[in-house]
Amino acid sequence: MDVIHRVTPQNLPRCAQRIGKHATRESSGAMLSWLGVNLYLFIDTFYWYEEEESFLYTRVILGSTLAWARASAVCLNFNCMLILLPISRNLISFMRGTSTCCRGPWRRQLDKNLKFHKLVAYGIAVNGAIHIVAHLCNLQRYHWSQSAQAEGLPAALSKLGDAPNESYLNPIRTFHTNTITESLTTIAGVTGLVLSLALILIMTSSTEFIRQVSYELFWYTHHVFIIFFISLAFHGAGRIVRGQTPESQLQHNVTFCRDRYAQWQTVAPCPVPQFSGKEPSAWKWVLGPVVLYACERMMRLWRFQQEVLITKVVSHPSGVLELHMKKRNFKMAPGQYILIQCPTISRLEWHPFTLTSAPQENFFSVHIRVAGDWTEALCQAFGAEGQASKELWSLPRLAVDGPFGTPLTDVFHYPVSVCIAAGIGVTPFASLLKSIWYKCESQTQMKLSKVYFYWICRDPKAFEWFADLLLSLETFMSEQGKAHFLSYHIFLTGWDENQAVHIALHWDESTDVITGLKQKTFYGRPNWNNEFRQMAYAHPGSSIGVFFCGPKALSKMLQRMCRLYSSADPMGVHFYYNKESF
């Protein structure tokens, strides 16, 4: 007999444990695959250098640090090959738009491209540190083997190269030298120093604190990656790590001759071994991604040349600038974003902004909030913040690259979607709600049957530019008999005493005193446990997409709610979390 358990709001959390495994399975799989490849490359290369006969004499001097240096170098090459792929925006957008590629859960992994980019950067940093430490040890061992205390085979090997027709094994040719100074006279030493400094500069300027305080600093220092890849391509050209040549191995049997080093000149089967450096291979690893990324930048340069016509400029409260633009052959989807450059402010900086217009409109628009030097300069250039409005012909020129896909483009792929915005994070959902308007007006068939919209905001003035859209949508849905289609909840988290009195005096009016909507504004923060419990109870057996744009702390909470209130039953309700990020 089958036992059927009735799902209620009270017992939902108890049946919500296993979905965390499903929700994170793909992410864990991708991360484990990356770790697995790194581990395989490291171990395989390590043991090859530990056992390869051509490097036996090199190991006599260096020991196992040779294998540590070479294994970390291969992992460095692998991660440097990957680092550019997640930030190739056109490639990511193409893969998202290809229905035969990356469907379902794996498609959502494309939306975590920046997380993977950071993960690979950490891999480069870790392997770079191992590589540096190992080579510092190698330099000291090379140096010691030239000392008077060195004896036996290490000393004999280090002396090779002093006589004519001999190739050297030890790049440190005398004990009376400084190893660091000596290394900086080589290609490997100079490029290694440049690589280290570039990596330190890029990673330290990429911290969240730096990006929030000075995005421009982050932007400019990140372009040191050009110097990084050029140095990487030439790093191995010096061929400092040397092994026995194949021709020498045929004439000089190391197993027989290693203990007869004193007789190498006289014993016929043991001629003096010859050595050569290993051919550099880093450029082979990174050539493909570098060419791909170069094409990406060339495409951006081509788009930079295309004319962008500014048709409307609106200055909203709370330091928000609205721009309407037109561009030939510009096609977009709800939730996508573009990169904007203003050559008057900076000819190098491109900044991402989500589109707030719908695909059905004959223009595209963005809403830009003042948050940094660049956006402040842009708003001033366009006559915002209480300045006198300017004629459209006198406005600075803008360049636009994109549009590019984001997780929000998947809103229409779910029967139920939950859209949650905090502050200016509401901008991606403006495009979505407008698109819903047009689809309902044209009676387009949609898989999407229910939308929950949450907006948490601190400043009441921020509601002004968005409330008109909500009011129009509310009226239209009511007239079409689809009032149930959109359920929206607006939360105000900041107010002063005068505003509180004003709200209290007008509480009984039919429309909200702040937004003018029939749906009243909530004061305080949402109780997400209650909200998710009610949605799960209202849509049993549904796949619910949760889309968020806002701060990291709230993102973590919502992700936890999605895991908590998803059913362990494959046929039950499942929440799928998607975070908007650039």
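Summary of the structure given here. (Residues numbered from 1 in each chain as written. Predicted model: local features only at pLDDT ≥ 70, side-chain atom pairs only at ≥ 80, totals over all residues. Heavy atoms only, no water.)

**Section: the pattern of salt bridges**
Right, on to step 1. A complete count under the given rule lists five salt bridges for this structure.
Right, on to step 2. For Arg300, the salt bridge identified is with Asp401, shortest N-O distance 3.0 Å. Here Arg300 is found in helix H15 (residues 282–305), whereas its partner Asp401 is found in strand E8 (residues 399–404), with 101 residues between them in sequence. For the residue pair Arg300 and Asp401, the accessibility class agrees, reading buried in each case.
Right, on to step 3. The residue Asp401 makes a salt bridge to Arg303 at a minimum N-O spacing of 2.6 Å. Highlighted residues: Asp401 in strand E8 and Arg303 in helix H15, separated in sequence by 98 residues.
Right, on to step 4. Taking the relative accessible area as the measure of exposure, Arg303 reaches 13% and is therefore buried. (Salt bridge = Lys/Arg side-chain N within 4 Å of Asp/Glu carboxyl O. Helix = DSSP H or I, 4+ residues; strand = E, 2+ residues; numbered from the N terminus. Buried < 20%, exposed > 50% of the residue type's maximum accessible area, 1.4 Å probe, protein only.)

**Thoughts on the packing of aromatic side chains**
Right, on to step 1. If you walk through the whole model with that rule in mind, you get 24 aromatic pairs.
Right, on to step 2. Centre to centre, the rings of Trp48 and Phe55 are 6.0 Å apart; their planes meet at 65 degrees, and the pair counts as edge-to-face.
Right, on to step 3. Aromatic side chains Phe429 and Phe453 sit 6.1 Å apart centroid to centroid with 65 degrees between the ring planes, which places their arrangement in the edge-to-face category. With a gap of 24 residues between them, Phe429 in helix H17 (residues 427–441) and Phe453 in strand E10 (residues 450–457) connect regions that are remote in the sequence. Of the two residues examined, Phe429 and Phe453, each falls in the buried class.
Right, on to step 4. Each residue in the set Tyr454, Phe491, Trp528, Phe532, Tyr565 and Phe575 is aromatic and connected to the rest through ring pairs, giving one cluster.
Right, on to step 5. Positioned over the ring face of Tyr168 is Arg242, at 4.0 Å from the centre of the ring.
Right, on to step 6. Note that Arg397 overlies the ring of Phe304, its terminal NZ or CZ placed 4.6 Å from the centroid. (Phe/Tyr/Trp six-rings, centres within 6.5 Å; stacked < 30°, edge-to-face > 60°. Lys NZ or Arg CZ within 6 Å of the ring centre and 35° of its normal.)

**A short note on the pairing of strand E13 (residues 543–549)**
Right, on to step 1. Burial analysis of E13 places six of its seven residues in the buried class, which makes it a mostly covered element.
Right, on to step 2. When E13 meets strand E14 (residues 574–579), the two strands line up parallel, connected through six bridges. Bridged to Ile544 within E14 is Phe575. (Pairing = 2+ DSSP bridges.)

**Digging into the sheet that holds strand E3 (residues 309–316)**
Right, on to step 1. Spatially, E3-E4-E7 is the arrangement adopted by the three strands of the open sheet, whose pairing is antiparallel. Each edge of the open sheet is held by one strand with a lone partner, namely E3 and strand E7 (364–369). Pairs of neighbouring strands in the sheet enclose a mean axial angle of 20 degrees, with direction left out of account.
Right, on to step 2. Strand direction decides the pairing type here: strand E4 (residues 320–326) and E7, joined by six bridges, are antiparallel. Residue Glu322 lies in a different strand from E7, and its bridge partner there is His367.
Right, on to step 3. Its contacts with the sheet put helix H16 (residues 373–381) on E4 and E7, and the angle it makes with E7 is roughly 120 degrees. (Axes fitted to C-alpha atoms, helices over the stretch in contact; angles between N-to-C directions. Contact = heavy atoms within 4.5 Å.)

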